[in-house]
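Residue-level structural notes
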Number of protein chains: 2
Amino acid sequence: MGLERVGIVGLGLIGGSIGLDLQKLGYEVYGLVNRSQTLEQAKKRNLAQFISLDPQIISNCSLIILALPLSQLIKPTTDLIHALPPNAVITDVGSVKTPVITTWKELHPKFIGSHPMAGTTDSGVNAGKKNLFQNRPWIATPDRTTDPEALEVVYKLALALGSNWITADAQLHDQAVALISHLPVFISAALLKAVNRQEDTALLELTKSIASSGFADTTRVGGGNPELGLAMAETNTASLLEALHTYNSSITELTAMIHSKQWEALYKELKSTQLNRPDFISN
Amino acid sequence: MGLERVGIVGLGLIGGSIGLDLQKLGYEVYGLVNRSQTLEQAKKRNLAQFISLDPQIISNCSLIILALPLSQLIKPTTDLIHALPPNAVITDVGSVKTPVITTWKELHPKFIGSHPMAGTTDSGVNAGKKNLFQNRPWIATPDRTTDPEALEVVYKLALALGSNWITADAQLHDQAVALISHLPVFISAALLKAVNRQEDTALLELTKSIASSGFADTTRVGGGNPELGLAMAETNTASLLEALHTYNSSITELTAMIHSKQWEALYKELKSTQLNRPDFISN
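Below is a short write-up of the structure. (Residues numbered from 1 in each chain as written. Chains lettered and ligands numbered in written order. Predicted model: local features only at pLDDT ≥ 70, side-chain atom pairs only at ≥ 80, totals over all residues. Heavy atoms only, no water.)

Quick look at the overall build of chain A
As a reminder, the rule being used: Numbering goes from the N terminus for both helices and strands, where a helix is a DSSP run of H or I of at least four residues and a strand is a run of E of at least two. Summary of the burial criterion: residues with accessible area below 20% of their type's maximum are buried, those above 50% are exposed, and those between are partly exposed, where the area comes from a 1.4 Å probe applied to protein chains only. In this analysis, two residues are considered to be in contact whenever any of their non-hydrogen atoms come within 4.5 Å of each other. Throughout, the Shrake-Rupley method with a 1.4 Å probe supplies accessible areas, and for residues the shown protein chains are the sole cover considered. In this tally, Asp and Glu contribute negative charge and Lys and Arg positive charge; neither His nor the terminal groups of the chain are included. Taken as the charge location is NZ of Lys, CZ of Arg, CG of Asp or CD of Glu.
Counting its regular elements, chain A contains twelve helices and nine strands. Expressed as lengths along the three principal axes of its C-alpha atoms, the size of chain A is roughly 65 × 40 × 30 Å. Within chain A, the proportion of its 283 residues that are buried is 57%. Within chain A, contacts between residues at least 6 apart in sequence are counted, and of these 66% link residues at least 24 apart. Of the roughly 12100 Å² that chain A leaves accessible, carbon and sulfur atoms contribute 49%. On chain A, the mean spot of the 23 positive side-chain charges and the mean spot of the 26 negative ones are 5 Å from each other.

Some thoughts on the side chain of B:Lys97
All names here are of chain B. The following threshold applies: Here a polar contact is taken to be a pair of N or O atoms separated by no more than 3.5 Å, where protein atoms must pair a possible hydrogen donor with a possible acceptor and residues adjacent in sequence count only if both atoms sit in side chains.
On the secondary structure map, Lys97 appears in the loop between strand S5 (89-92) and helix H5 (98-105). A relative accessible area of 0% places Lys97 in the buried class. Polar side-chain contacts of Lys97 include one of 2.7 Å to the side chain of Asp92. Leaving out residues up to four positions away in the same chain, Lys97 has contacts with Asp92, Gly113, Ser114, His115, Thr141, Ala170, His173 and Asp174.

Comments concerning the pairing of strand S1 (residues 5-9) of chain B
Residues and elements named next belong to chain B. In plain terms, the rule: One bridge is not enough; two strands pair if DSSP finds at least two bridges between them.
Along S1, four of the five residues are buried, which leaves the element largely enclosed by surrounding structure. Two strands pair when backbone bridges link them, and S1 and strand S2 (residues 28-32) are joined in this way by five bridges, in the parallel orientation. Counted as the bridge partner of Ile8 is Gly31 from S2.

Quick notes on the relation of the copies chain B and chain A
We count it as follows: The superposition of copies rests on a least-squares fit of C-alpha positions from residues with pLDDT of 70 or more in both.
Mapping chain B onto chain A leaves a residual RMSD of 0.1 Å; the transformation is a rotation of 180 degrees accompanied by 0.0 Å of translation along its axis. The symmetry that links the two subunits is that of a two-fold axis. Every residue of chain B has its C-alpha some distance from the rotation axis, and the shortest such distance is that of B:Thr218, at 2.2 Å.

A look at helix H7 (residues 170-196) of chain B
Each α-helix turn comprises 3.6 residues. Residues three or four places apart therefore point the same way. Residues and elements named next belong to chain B. Put simply, the rule is: For a helix, the expected span equals 1.5 Å multiplied by the number of residues minus one. Two axes enter the definition of the bend at a residue: one is fitted to the seven residues ending there, the other to the seven starting there, and the bend is the angle between them.
With 27 residues, H7 should cover 39 Å at 1.5 Å per step; its first-to-last C-alpha distance of 37 Å lies within 8% of that length. Ala178 marks the point of greatest bend in H7, at about 45 degrees. With 23 of 27 residues buried, H7 lies mostly within the body of the structure. Sitting at the amino-terminal end of H7 is Asp169, which places a side-chain oxygen 3.1 Å from the backbone nitrogen of Gln171.

Quick look at helix H11 (residues 237-259) of chain A
Between its first and last C-alpha, H11(A) extends 32 Å over 23 residues, near the 33 Å set by a 1.5 Å rise per residue. Phi turns positive one or two residues past the end of H11(A), at A:Lys261, with a value near 50 degrees.

Re the pattern of salt bridges
Heads up, the condition is: The working definition used for a salt bridge is a side-chain nitrogen of Lys or Arg within 4 Å of a carboxyl oxygen of Asp or Glu.
A full pass over the atoms with the stated rule returns 17 salt bridges over all chains. Among the salt bridges present, the one from A:Asp92 reaches A:Lys97, with a minimum N-O distance of 2.8 Å. Just as A:Asp92 is buried, A:Lys97 falls in that class too. A salt bridge links A:Lys105 to A:Asp143; its shortest N-O distance comes to 2.6 Å. Of the two residues, A:Lys105 is situated in helix H5 (residues 98-105) and A:Asp143 in the loop between strand S8 (137-140) and helix H6 (148-160); the sequence distance between them amounts to 38 residues. Judged by relative accessible area, which is 45%, A:Lys105 ranks as partly exposed. Shared partners join several salt bridges into a network, and the residues in it are A:Lys193, A:Arg197, B:Glu253 and B:Glu269.

Considering the interface of chain B and chain A
Quick reminder of the rule: Two parts placed together each lose some accessible area under a 1.4 Å probe, and the buried area is that loss summed for both.
Each side of the interface is counted separately: chain B has 87 residues, and chain A has 87 residues. Each partner contributes to the roughly 8400 Å² buried at the junction of chain B and chain A, and carbon and sulfur atoms together form 70% of this total. Broken down residue by residue, the surface that chain B buries against chain A is led by B:Ile210, B:Arg277 and B:Phe280, which jointly contribute 9%. Counting across the interface, chain B meets chain A through ten salt bridges. The closest approach of N and O atoms between B:Lys193 and A:Glu269, which form a salt bridge, is 3.1 Å. Summed over the shared surface of chain B and chain A, the number is 26 residue pairs in polar contact (both at pLDDT 80 or more). Elements represented by at least two residues in the side of chain B that touches chain A include exactly strand S8 (137-140), H7, helix H8 (201-210), helix H9 (213-219), helix H10 (226-235), helix H11 (237-259) and helix H12 (263-276) of chain B.

Side note on the sheet that holds strand S4 (residues 63-66) of chain A
Residues and elements named next belong to chain A. Selection rule: For helices, the fitted line uses only the C-alpha atoms of the stretch in contact; every axis is such a line through C-alpha atoms, and the angle between N-to-C directions lies from 0 to 180 degrees.
Strand order in this open sheet of six strands is S3-S2-S1-S4-S5-S6, and the pairing throughout is parallel. Each edge of the open sheet is held by one strand with a lone partner, namely strand S3 (50-52) and strand S6 (111-112). Relative to S3, strand S2 (residues 28-32) runs parallel, the two being bridged by three bridges. If you follow Leu32 over to S3, its bridge partner there is Ser52. Running over the sheet, helix H1 (residues 13-24) touches strand S1 (5-9), S2 and S4 and is turned about 165 degrees from S1.

Considerations on unusual backbone geometry
We note that A:Lys261 has phi near 50 degrees; this positive angle belongs to a residue other than glycine. Within the fold, A:Lys261 resides in the loop between H11 and helix H12 (263-276). Although it is not a glycine, B:Asn46 adopts a positive phi angle of roughly 55 degrees. Here B:Asn46 lies in the loop between helix H2 (36-44) and strand S3 (50-52).

Some points on the environment of A:Gln274
If you trace the backbone, A:Gln274 turns up in helix H12. Non-local contacts of A:Gln274, meaning those with residues more than four positions away in its chain, are made with B:Gly223, B:Gly224, B:Asn225 and B:Pro226.

Notes on the sheet that holds S3(B)
All names here are of chain B. Within the open sheet, the six strands sit side by side as S3-S2-S1-S4-S5-S6. Their pairing is parallel. Edge positions in the open sheet fall to S3 and strand S6 (111-112), since each of these has one partner strand only. Docked against the sheet, helix H6 (residues 148-160) engages strand S4 (63-66), S5 and S6, running at close to 55 degrees with respect to S5.

Now the structure itself:
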């Protein structure tokens, strides 16, 4: 099998959830964390059988999952790099792939860029939970230089966690997440910003007292963790700007229809969005 | 009391829900519908004690609720107008108030513009359900010409249904719903339009397979009933265009920050939307 000893670097929502599931499946899980407070709590929650602040904890693992924030994936510490065994398979969970792969291609011969698409409302050592990846997509972005055996190891990991395996070109992947995951954060934040910039205080107070479920849903991702939103913009800048450009054309077209009272054309657009949405939400 | 006989014109989600609650509270409810199929189903569901296709059904009511779509509120039929007793109090449930009030000011001395803010995912004669208005805002838009006794009757209705009573200037109200209810529909529809306009089919297919809960939430109102979206644009055009204009400034500013890599400023914006959102979603 070659999967018996799995190392997880970072035991937050994603790392902790992987740790819980893999132990249940019979693997020996080794967790590396970077703060003593996290260490205590991770031990209490049994997120791995062995947990340490010392990078050497992962030195006998055959598969290591880097469950770190994007910033740390792109600029890994020297200690971490040195602790990774050269013949282990390494993968990550970063939602932007091109900059992560660019970094790791130079650092490790068996690095496979991948990540699960799974809920991220909570974060930190208390966020990890069982079955988070069940029926969720797990995307890997191999290219022609990728070690096929290493890819197979990550494929088996995703399958063991109950995920649906998808492979894609890294750049295409980053464009896709820009459109369906990063763009929504900024259009949703812009809605909150627009409502809040009202200088008319009576109007602002009224919006606060009557805002309903539609507003709550549309603003959920825009009112989320600012570190995460910033990381999306910093690491996926080009694809996000392209997505914003496309979005700008769409909202400008709809606005023009309303301005010139082209009700039939507007109805057609709304009918089309109603018909197309189910293609995106069956996951 | 003066509320014993209540007429409801239209037994869809809102009208049907009012009918169910008022009967439970001991009122005699008279329902007017406009199709024989609706009549049968409304009777089967007991949405009112007396239901008819004949406008005369409401002629002995002291309070009549016009639970009709905005288009029919703005252009009511002559039959309906003639059936309304001159000393009954009349109110409506339309989410845009200025054009409805403009129409009805000329037609009835005791018309009170009002509406509940309540869920509208389902529609039609099968959508009505009990306790829909419990703890939801019910907004009335009186002005200095409004009959205070008529307003009191609608206030008692809202309270009986468990709603939180709010009064506001009609134009301010229309600006507020443009921002927190109508604008979200169009920015959400524009997101679906932007993702769907991708000509790269590989990219489009990938977005469909990895779209997750964030995309589902942000697009919910934009993928809703197109008739409702169109009615918002047609009846609240000026306020919606103003809201779109403000929104355009907000998204343009965020895009500029990303373009020029002003990460600190962007973080501040995202932190501010995170802090401000709870003010809008406690309803």
